[in-house]
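Spelled out, the chains give:
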Amino acid sequence: MTDIAVHPTAPVRDVAGVEAVSLWLTALSEAIASRNTGLLAELFRADAVARDLLALSWDFRNGVGRDEIVALLAGEDTAAPRELAVRAGSGPTTTEDSAEAFLTFSNAMGDGNGYVRLARNDEGAWEAAAFVLVLDALDSHTERVGADRPAGRIHGPLFDRAGWAEQRDAEFVNGDPAVVILGAGHNGLMLAARLGALGIRALIVEQNDRVGDNWRKRYSSLALHTPLESDTFPYLPFPPTWTKFTPKDKLADFLECYATLLDLNVWTGSRVEKARFDEASRTWAMDVVRPDGTRRHLAPRHFVFATGINAEPRLPELPGRDRFEGTVIHAVDYKGHSDWRGKKTIVVGSGVSGHDLAQDLAEHGADVTMIQRSGTLVMNTETFHRVMHGNHVGGRYAVEDADLVNAATPMGALPEYFGAQQRETANAADRELLESLTAVGFELDDGPGGQGALGLIYGLNGTGYYYNAGASELIADGTIALQHGSVERLTTTGVQLSDGRVLDADLVVFATGYDGAPTKVRQVLGDDVADRLGAFADVGEDREYGLLWRDCGIDRLWLMISLSIGDGRFYSKLLALQIAAQEAETSAK
């Protein structure tokens, strides 16, 4: 190794990538510790991105561009990382002008992981293009995995020993959980699994009769569009024989098995009522109504909403509904195609659900018309996987490493940094499909400013996209008829559009979206709390995902809500660590 001293006025230069990473990390640690803004400026590209996730502060923070990053890392509330180094056993991956490495560090709370990508500038100095540090473990709560896993049975004599099943049945009979989680979807289950691994007692309250019913009760053809590599669950990955796309019933059964195999406590057929925070005891007072109508009063120290990004379905109130002789439903109530073979059906909406339902009906002999109200972004599923999940598919990175690479770019910067590039790539790959749709009058949308799906999701906090799983071909060949406009009213035999056209239908399905997650909080905790939280599930001005997965400003209330299974996997650990840290504080008092 070349003996090059790193000091406040010297950038990292004149070395190969492996050595550059080591020198860069040393320089960064020194610069943060000394608040040396000059050196920090030399260590980052002008257009770099950086993120601090409970690593250098007790919050989610980010910087976009050199000036923001310098201000972030030189601030008084930023603590220098300890022992920042390349992760043992995984040397940097380098080319002549680039290098990337996965990192480890420690701080006052515990240990963490990170990622950095370096590139040479025009003068030959190495600068970071992307950098992230993420807390991974607390000193106060060792994760009970591997060699530290629970014993299951203590060997040796133990009088009045309770069996495993007896212990499970007695959970929360005479005591309160530390955490109550509302909702047993993937978010609630993952968080409960994370907390359980940290030794924190959590109870999930689920309104459905069975875990997985939120998927099981939906239409028969539903399946995940995301790649399997992105959908891994913590502690229990899918077996290698698992289907590439997970059907909804298969996912529902997996969720139920996940709860069973990971010993998660779930009260199904139950609901939370009269929930309020008691300032005197610093606990949440709530009643849980069980399936038989009995009430159990609980006083957990933490209350988590894991009720999903969607709340109540939006079904427009239209004149003439009482006269319509057919069936009108929202997409959430569509149970399948069996009753509609040979019937006239209308699907209002051209997002993911609208396409899926139209395809299901068309493939089973229904006469289907889709009403497109506005332009829709379309890309083939394979293209979607390649351009939006490229770090997870293909085997370049392990799942956890791909999560770190993705985490380096804050959500609010994704449209600007990758949106137009991804859209251009997708348009080129899917040109034939897109031209076939345009030829039949389907209105395409490239997202705000041409930023594609990233611009829609993270820029506008909206939808309006479809990852093609077969419906587009049926639209292009006319199997699914296409109309434009909005439904103004229902007639006796169908719908009337905004331009006066009348379409007959036996079934009208409104794939018109849902109210957002704040609706559920308002229903359970009331207007005061909901108003204080505001639009908590939108990407905010700080480029983070609103108040999700972190301190939301209301004591011991948490929001474990994600758009994807991948986000749930990554951020469930960060939320569990924050709860564990507060539990450690409580125990120390």
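Right above here is the structure, for reference.
Throughout this document, residue positions are counted from 1 along each chain, in the order its sequence is written. Per-residue local features are limited, in this predicted model, to residues with pLDDT of at least 70; the limit for side-chain atom pairs, both in listing and counting, is 80 or more; totals at the level of whole chains, interfaces and linings are taken over all residues. The basis for the side-chain values is all heavy atoms of the structure; hydrogens and waters are excluded.

Draft legend 1. How the structure looks around the overall build of the protein. Helix numbers and strand numbers start at the N terminus; a helix is a DSSP run of H or I with at least 4 residues, a strand a run of E with at least 2. Check the secondary structure of the protein and you find 17 helices and 27 strands. Values of the radius of gyration come from C-alpha atoms, whereas the globule rule sets the reference at 2.2 Å times the count of residues to the power 0.38. Over its C-alpha trace the protein gives a radius of gyration of 26 Å, about what one expects of a compact globule, namely 25 Å for 589 residues. Of all intrachain contacts in the protein linking residues separated by at least 6 positions in sequence, the fraction that spans at least 24 positions is 66%. Of the roughly 25800 Å² of accessible surface on the protein, 48% is carried by carbon and sulfur atoms. Averaging the positions of the 55 positive and the 84 negative side-chain charges in the protein gives two centres separated by 6 Å. Contacts: residue pairs with any heavy atoms within 4.5 Å of one another. Residue burial considers only the protein chains on display, and all accessible areas are found by Shrake-Rupley using a 1.4 Å probe. Under the counting rule used here, the positive set is Lys and Arg, the negative set is Asp and Glu, and His together with the chain ends is not counted. Where a charge lies is defined by one atom per residue type: Lys uses NZ, Arg uses CZ, Asp uses CG and Glu uses CD.

Draft legend 2. Broad picture of the nonpolar core. Throughout, nonpolar core names a set of buried Ala, Val, Leu, Ile, Met, Phe, Trp, Tyr and Cys residues whose side chains join them through atoms within 4.5 Å. Whether a residue is buried, partly exposed or exposed follows from its accessible area with a 1.4 Å probe, protein chains only, as a fraction of its type maximum: under 20%, in between, or over 50%, in that order. In this structure, Ile181, Leu189, Phe303, Leu525 and Leu557 are the most contacted members of the largest nonpolar core, which totals 136 residues. Ranked by residue count, the leading element in this core is helix α17 (residues 565-588), at ten residues. Residues contacting Phe303, with those up to four places away along its chain left out, are Val180, Leu182, Val272, Ala275, Trp284, Met286, Val524, Leu525, Arg556, Leu557 and Trp558.

Draft legend 3. Geometry of the sheet that holds strand β13 (residues 295-298). Strand pairing is assigned whenever DSSP detects at least two bridges linking the two strands. Strands sit in the order β11-β12-β13 across an open sheet of three strands; the sheet is antiparallel. The two strands at the open ends of the sheet, each matched to only one other strand, are β11 (271-278) and β13. Looking at each pair of strands side by side, their axes are set apart by 15 degrees on average, direction ignored. Examined bridge by bridge, β11 and strand β12 (residues 283-289) share six bridges and lie antiparallel to one another. Each bridged residue has a counterpart across the sheet, and for Glu273 the counterpart in β12 is Asp287. A fitted line through C-alpha atoms represents every axis, and for helices the fit uses only the stretch in contact; the resulting angles, taken between N-to-C directions, go from 0 to 180 degrees.

Draft legend 4. Structural detail: unusual backbone geometry. For Arg35, which is not glycine, the phi torsion reads 55 degrees and is therefore positive. Assignment of secondary structure puts Arg35 in the loop between α1 (17-34) and α2 (37-43). Arg35 gets classed as partly exposed once you look at its relative accessible area, which sits at 27%. A positive phi angle, near 65 degrees, is found at Arg556, a position not held by glycine.

Draft legend 5. Inspection of the packing of aromatic side chains at higher detail. Working definition: a ring pair exists when centres of Phe, Tyr or Trp rings (six-membered ring for Trp) sit within 6.5 Å. Plane angles under 30 degrees give stacked, over 60 give edge-to-face, the rest tilted. Counted by the stated rule, this structure contains 24 aromatic pairs. Judged by centre distance (5.9 Å) and plane angle (85 degrees), the rings of Phe102 and Tyr397 are edge-to-face. Taken together, the positions of Phe102 in strand β5 (residues 98-106) and Tyr397 in the loop between α9 (381-388) and α10 (399-407) put the pair 295 residues apart, joining distant regions of the chain. With respect to class, Phe102 is no different from Tyr397; both count as buried. Of the aromatic side chains, those joined through ring pairs into one cluster are Phe60, Tyr458, Tyr545, Trp549, Phe570 and Tyr571. Charge-over-ring contacts are defined here by two conditions on Lys NZ or Arg CZ: a distance within 6 Å of the ring centre and an angle within 35 degrees of the ring normal. Here the guanidinium or amino end of Lys250 rests over the ring plane of Trp242, the centre of that ring lying 4.1 Å away. Sitting over the face of the ring of Trp267, Arg290 holds its NZ or CZ atom 4.2 Å from the ring centroid.

Draft legend 6. Layout of the side chain of Thr512. With respect to the helices, strands and loops of the structure, Thr512 is situated in the loop between β25 (507-510) and β26 (514-516). Here a polar contact is recorded for every N or O atom pair within 3.5 Å, except that within protein the pair must consist of a potential hydrogen donor and a potential acceptor, and residues adjacent in sequence are included only if both atoms are side-chain atoms. In this structure the side chain of Thr512 is engaged in a polar contact, spanning 2.5 Å, whose partner is the backbone oxygen of Arg314. The residues touching Thr512, leaving out its near neighbours within four places in the chain, are Arg314, Pro316, His330, Val348 and Arg373.

Draft legend 7. Spotlight on helix α12 (residues 431-439). Along α12, the positions that sit buried rather than exposed are Leu433, Leu434 and Leu437. For α12, the angular spread of the buried residues around the axis is 95 degrees, confining them to a single face. Relative to its buried face, α12 has exposed residues pointing more than 90 degrees away, namely Glu432, Glu435 and Ala439. Against β19 (377-380), α11 (414-429), β20 (465-468) and α14 (471-476) lie the buried residues of α12. Gly441, located one to two residues past α12, shows a positive phi value of around 95 degrees. For this quantity, the arc is that covered by the directions from the helix axis to the C-beta atoms.

Draft legend 8. A look at helix α13 (residues 452-459). Most of α13 is tucked away, with seven of its eight residues classed as buried. Residues of α13 that are buried: Gly452, Ala453, Leu454, Gly455, Leu456, Ile457 and Tyr458. In this fold, the buried residues of α13 make contact with β19, α9, α11, β20 and α17. Positive phi appears at Asn461, one or two residues downstream of α13, with a value of about 55 degrees.

Draft legend 9. Quick peek at the sheet that holds strand β17 (residues 344-348). Sheet architecture is open: five strands sit in the order β16-β25-β17-β18-β21, paired in parallel fashion. Each edge of the sheet is formed by a strand with only one pairing partner; in this case those strands are β16 (327-330) and β21 (480-484). The mean angle between the axes of side-by-side strands here comes to 20 degrees, regardless of whether they run parallel or antiparallel. The pairing of β17 with β25 spans four bridges and is parallel. Bridging from a neighbouring strand, Val348 pairs with Phe510 of β25. The sheet strands contacting helix α8 (residues 352-363) are β17, β18 (367-372), β21 and β25, and the helix crosses β18 at an angle near 165 degrees.

Draft legend 10. Looking closely at the pattern of salt bridges. Definition used for salt bridges: Asp or Glu carboxyl oxygen within 4 Å of a side-chain nitrogen of Lys or Arg. Scanning the entire structure with this criterion turns up 33 salt bridges. Two residues, Arg276 and Asp278, come together in a salt bridge whose shortest N-O distance is 3.6 Å. With a relative accessible area of 48%, Arg276 lands in the partly exposed category. Among the ionic pairs, Arg550 bridges to Asp542, the shortest N-O distance being 2.7 Å.

Draft legend 11. How the structure looks around the packing of α9 against α11. With their axes 10 Å apart at the nearest point, α9 and α11 run at an angle of 150 degrees to one another. Classified by the angle their axes make, α9 and α11 are roughly antiparallel. Crossing of α9 over α11 shows right-handed handedness. Judged by residue contacts, Thr383, Arg386, Val387 and Met388 of α9 engage Gln422, Thr425, Ala426 and Ala429 from α11. Ten residues, namely Ala, Val, Leu, Ile, Met, Phe, Trp, Tyr, Cys and Pro, are considered nonpolar, four, namely Asp, Glu, Lys and Arg, are considered charged, and the remaining ones, Gly among them, are considered polar. Class assignment for the residues of the contact of α9 with α11 results in four nonpolar, three polar and one charged. Working definition: roughly parallel below 35 degrees, roughly antiparallel above 145 degrees, roughly perpendicular at 65 to 115 degrees, and oblique for all remaining angles. Should the near helix be turned anticlockwise from the far one by less than a right angle, the crossing is termed left-handed; should it be turned clockwise, right-handed.

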